[in-house]
Amino acid sequence: MSEIVRTRFAPSPTGYLHIGGARTALFNYLLAKRLGGKFVLRIEDTDQTRNIAAADQKLLEDLRWLGLQWDEGPEVGGLHGPYYQSQRRQLHDEHARKLLDAGQAYYALETRAELDAMRKAAQQRGEKGFRYPRPAHFPSEAEAQRARDAGRQVVIRFKMPERDFIVPDRILGDVTIGAAELSDFVIVKSDGWPTYNFAVVVDDAGMHVTHVLRGQEHLMNTPGQIALYEAFGYTPPAFAHLPIIFNMSGTKMSKREKDKVVRDAAKAGQLDDAKLIELAGLHDAELIAAWRKGDTQLPSEALQRLAKALAVRPPEIEIHDFRRSGYLPEVLNNFIALLGWSPGDGREKFTLAELCQAFSLERVGKTNARFDRDKLLAFNTSAIEAASPERKLAAFHDWLSVSEPGPLTSLDDVLLTRLIECCQGFRTFPDIEFKAGILFAPDAAVRYDEKAVKKWLLKDDGLGKRVLEELSTNLAGLADWSVGALDAVVRAYAEKRGLDLGKVAQPLRVAVTGTTISPQIADTLALLGRERTLARIRRVLATTGQPSAPGP
RNA sequence: GCCCCCAUCGUCUAGAGGCCUAGGACACCGGCUUUUCAAGCCGGCGACACGAGUUCGAAUCUCGUUGGGGGCGCCA
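Summarised in this report is the structure supplied together with it.

Rules behind the numbers
Each chain carries its own residue numbering, running from 1 in the direction its sequence is written. Naming scheme: in the order in which they are written, chains are lettered from A and ligands are numbered from 1. Where totals are concerned, whole chains, interfaces and linings use all residues; where local detail is concerned, this predicted model gives features only for residues with pLDDT of at least 70, and gives and counts side-chain atom pairs only at 80 or more. To get the side-chain values, all heavy atoms of the structure are used, and hydrogens and water are removed first. For each residue, the test is whether any non-hydrogen atom lies within 4 Å of the molecule or strand; if one does, the residue is near. Polar contact is defined as a pair of N or O atoms within 3.5 Å, subject to the rule that within protein one atom must be able to donate a hydrogen and the other to accept it, and that residues adjacent in sequence are counted only when both atoms are side-chain atoms. Only DSSP runs of H or I reaching four residues or more are called helices, and only runs of E reaching two or more are called strands; each is numbered from the N terminus. Amino acids are sorted into nonpolar (Ala, Val, Leu, Ile, Met, Phe, Trp, Tyr, Cys and Pro), charged (Asp, Glu, Lys and Arg) and polar (every other residue, Gly among them). A helix is expected to reach a length of 1.5 Å times the quantity of its residues less one. Each residue's exposure class comes from its accessible area (1.4 Å probe, protein chains only) as a fraction of the maximum for that residue type: buried when under 20%, exposed when over 50%, partly exposed otherwise. Any pair of residues with heavy atoms lying within 4.5 Å of one another is described as a contacting pair.

1. Some remarks on the protein's contact with RNA strand B
- Around RNA strand B there are 68 residues in total, and Lys189, Glu348, Gly425, Lys435 and Ser518 lie nearest to it.
- The sugar-phosphate portion of RNA strand B accounts for 73% of its atoms within 4 Å of the protein, the bases making up the rest.
- Within the contact set of RNA strand B, a sugar or linking oxygen lies 2.6 Å away from a side-chain nitrogen or oxygen of Glu348.
- Here a base nitrogen of RNA strand B sits 2.6 Å away from a polar atom, N or O, in the main chain of Ser518.
- Those elements that provide at least two residues to the surface near RNA strand B are α4 (112–124), β4 (155–158), β6 (173–177), β11 (369–370), α15 (373–386), α20 (483–497) and α21 (501–513).
- For the surface near RNA strand B, the residue count by class is 20 nonpolar, 23 polar and 25 charged.

This is the structure:
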């Protein structure tokens, strides 16, 4: 066994990578890199009732997108695999057998219903909390078999040593948990699969994990795990429990929030099940019914379709959500790193490589943090501004690849690059689509904003329209439809008429985009092209202010 | 209810007894810039939860109170 540092990230596959999971993964990655060790990825897929098809692929996709490449794990292999917990059954079984044979674990024959009743009874008796009553004599192999034959559910429980445990935590310090809080927990379920608390020890030991960084919600599990390490004669790893990340509202960040937003919209829209099934592209009436009641979550694709149909934006919770919203992976890493860790010197901007250099467990804090989306946005804005043109283009492509098809979808690199330049100051990629998308959409897609039309075209006896009429002549005669030439024409006209540039640019903008928002006017017209610019101006002149005025 | 963890501006945090009339970032407010939006620039507001100790001296140490969080599953 080597002395090298080995950390691991061990998520259960429930879909895309949750923001909290990303933070755990990042810290494990950083610690391993900082100490010249290995970062291992293991998929904990032993709950047969909760596994979601292809969820592991989504997890890997998000992890890779963040650049948190694992040294050992799914798809890359390694010396200590397999890296799917479900494929390590034999190892778990052997370890359970060992404990059983040594009298350190025993069969327990109660059904779930019986356990529930015992818990309830304990509660009514006013006991401190339910602890499984260890029997004086452990059921024999034969008794366990008879129980199984009789249709009972047989589990294996660990005989927890009756003493206080100290968890030496690298972040929290020594945490003492009294013997009274500990009980004989289940290590093998009645379906034969290991529980988390058992498998995690067998697998971490088997994979020679030296440092376990995980969320603080695991703290109370640790004594049991330490006891298991001791029972097997293994050396426990160093433990470090990370503070938890919350929403700004103080609630835990959960995928359920996304469902809630969409569910509320569905409720407000008074849509029935049939309509919902259609919009979500689902065929499971029971699922929708349960979802409506708030009992379950929808698959992410179905939820996405529904959200789009209902025109609501669920909050970003998973890494993939942030990707679709136009954030940069390096920004997510940077921002997430600061949730619980700080370098101490006031620095806030880090690349992944810089984080690898600067990170240390000693500088991880103990207090729970709130996820401030405003600050994330600010980070994204400044990172985009600082990024090289190549990086921006690549990121733009990436965003396009995960977005709904839109007017920008099939633009070539030349145009994409120009768009990036023309929209400088944008905060996320959707901003570009919002600001310039209409320039690449069919003329018929232009929707005229009523207030904009009134203010910039109709006001002052149609000053804006007169400007358009005069200018369109100048524009039509322009030999060179370039940004420079267009800019010159607009400026010259404004000067000649003694108008502020805004009084000229805004009517133009409204005419060609329907709104008051677009890139600089010369860029806007250049991007649109001569034909479509003139066509849109003609159309607006012909219809605006008439009985058949276009648009809402 | 019981056990465990935590506690500095609205938020993320710096601070490891005197360097603190508490620093930075985001947000917010005001101004500048300006052909729109966004960005940018300048300035401002703004916190040591409370109460006892310890000490010449406490944001920093101790205890208590309050508040927040986590756990108490055949989930992970």
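There's more to say after this.
2. Concerning helix α2 (residues 55–66)
- Compared with an ideal rise of 1.5 Å per residue, which puts twelve residues at 16 Å, α2 spans 17 Å between its outermost C-alpha atoms and is within 8% of the ideal.
- Of all twelve residues that make up α2, nine are buried, and the element is covered over most of its length.
- When α2 is considered as a whole, its buried residues turn out to be Ala55, Asp56, Lys58, Leu59, Leu60, Asp62, Leu63, Trp65 and Leu66.
- After α2 finishes, the residue Gly67 shows a positive phi value of roughly 85 degrees.

3. Structural notes on the environment of Asn474
- Its place among the elements puts Asn474 in helix α19 (residues 450–476).
- A sequence separation of 57 residues divides Asn474 from Glu531, and the C-alpha atoms of the two residues are 14 Å apart.
- Those residues in contact with Asn474 that lie beyond four places of it in its chain are Val489 and Tyr493.

Purely geometric numbers; function is a separate question.
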